[in-house]
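This is what each chain is made of:
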Amino acid sequence: MQLKLKDVIIVSLLGVVGFILSMFSSTITQMFGTYGVFVHVSIGSLLCAPIYFVMCHKIPKHGAIFIYYLLAGIIYSIMGFVPMLPIMAAAGLLGELCIGNKDNFENNRRISLSYVVSQLIYALHGFFFILVFGVNGLAKTFPNLFTVEKAQMVKDTFFSSKNMAIILAVEIVAAILGTLLGKFIYNKFFNKNIKREGMLS
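Notes on the structure follow. In this text, all values refer to a predicted model and were calculated from it rather than measured experimentally. (Residues numbered from 1 in each chain as written. Predicted model: local features only at pLDDT ≥ 70, side-chain atom pairs only at ≥ 80, totals over all residues. Heavy atoms only, no water.)

1. Notes on the nonpolar core
Note that soluble globular proteins tend to have their nonpolar side chains buried in a common cluster. The line we're drawing: Nonpolar cores are built from buried Ala, Val, Leu, Ile, Met, Phe, Trp, Tyr and Cys residues. Side-chain atoms within 4.5 Å join them into one set. Burial status follows relative accessibility: with a 1.4 Å probe on protein chains alone, a residue under 20% of its type maximum counts as buried, one over 50% as exposed, and anything between as partly exposed. Helix numbering and strand numbering both begin at the N terminus, where a helix is a DSSP run of H or I of at least 4 residues and a strand a DSSP run of E of at least 2. Should any heavy atoms of two residues lie within 4.5 Å, those residues are considered in contact.
Ranked by internal contacts, the top residues of the largest apolar core, which has 46 residues, are Tyr52, Ile65, Tyr68 and Tyr69. Secondary-structure elements contributing two or more residues to this core are helix H1 (5-29), helix H2 (42-58), helix H3 (64-78), helix H4 (84-99), helix H5 (108-123), helix H6 (125-141), helix H7 (148-158) and helix H8 (161-190). Those residues in contact with tyrosine 68 that lie beyond four places of it in its chain are Val11, Leu14, Gly15, Gly18, Cys48, Ile51, Tyr52 and Met55.

2. Observations regarding empty space enclosed by the protein
Defined as follows: In this analysis, the protein atoms alone were mapped onto a 1 Å grid. Cavities are point sets where a 1.4 Å probe fits without being able to get out; pockets are open sets with protein on both sides within 12 Å along at least five of seven lines; lining residues have an atom within 4 Å of a point. Grid points are joined across faces, edges and corners, and a volume is the space filled by probe spheres set on the points. Residues are grouped as follows: Ala, Val, Leu, Ile, Met, Phe, Trp, Tyr, Cys and Pro are nonpolar; Asp, Glu, Lys and Arg are charged; all remaining types, including Gly, are polar.
Considering all chains together, one arrives at three cavities of 30 Å³ or more under this definition. Its boundaries defined by the atoms lining it, the largest cavity holds a volume of some 110 Å³. As for the largest cavity, its lining consists of 13 residues, and the residues nearest its centre are Ser22, Tyr68, Tyr69, Gln119 and Tyr122. Contributing elements (two or more residues each) for the lining of the largest cavity: H1, H2, H3 and H5. Examining the composition of the lining of the largest cavity, we find that four residues originate from one element, H1, more than from any other. Residue composition of the lining of the largest cavity, grouped by class: eight nonpolar, five polar and no charged. Its volume calculated, the second largest cavity comes out at about 60 Å³. In terms of lining, the second largest cavity is formed by Val37, Phe38, Val39, His40, Val41, Ser42, Ala123, Phe158, Ile167 and Glu171. Across the lining of the second largest cavity, the residue classes break down as seven nonpolar, two polar and one charged.

3. As for a nonpolar patch on the surface
Rule in force here: Patch construction takes residues with relative accessible area above 30% that form no salt bridge. Like charges are linked within 9 Å, and nonpolar side chains (Val, Leu, Ile, Met, Phe, Trp, Tyr) are linked within 5 Å. For the accessible areas, the method is Shrake-Rupley and the probe is 1.4 Å, while residue cover comes only from the protein chains on display. Put simply, a salt bridge is a Lys or Arg side-chain nitrogen that is within 4 Å of an Asp or Glu carboxyl oxygen.
Judged by side-chain polarity, Phe24, Leu46, Leu47, Ile172, Val173, Ile176, Leu177, Leu180, Leu181 and Phe184 come together as a nonpolar surface patch covering roughly 860 Å² of accessible area. Those elements giving two or more residues to the nonpolar patch turn out to be H2 and H8. For the nonpolar patch, the element with the highest residue contribution is H8, accounting for seven residues. Mapped onto the secondary structure, isoleucine 172 falls in helix H8. According to the relative accessible area criterion, isoleucine 172 is partly exposed, its value standing at 33%.

The values reported here are purely geometric and, on their own, carry no functional implication.
In structure tokens:
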């Protein structure tokens, strides 16, 4: 099945809500000071998972996940953070690939895998920036976003094996917990089959 205009509109609205939650969680990470980099995306991963689960179950069509992440990349670009566009597009594409067959949109494990992988790509955006542009290249290409010092801090953070291990571990745990929360909320409030079974039992 192909996405209809109605589907695109719903996914876009959910994507905007997810982006707002992510931005809200980013402000929370400021409370952690220098340790905020380790949880920068993970709080959002926990909060946004229910949106992702509901979207996948209610709009079980390829393209929905890609649009969800692409929209976030577009919003980042409008805000001046253009490098996020290809990263979020890649996150959405990998999320689609992890789902695989369209029948897997009903499979919570595949939805969970898709979400965790996509959020990992999102969490590693700083690493990809340095990998592609380098410190000086990042500062020269996006002078309004990065100074050389700021770009060097990004490199020092993501090219440290210890830091990378912590970031990955925190993000994976947060995303998995998010998928459990997403599954619970979907079954509790949106899964008509479970409600029907409860009424018949």
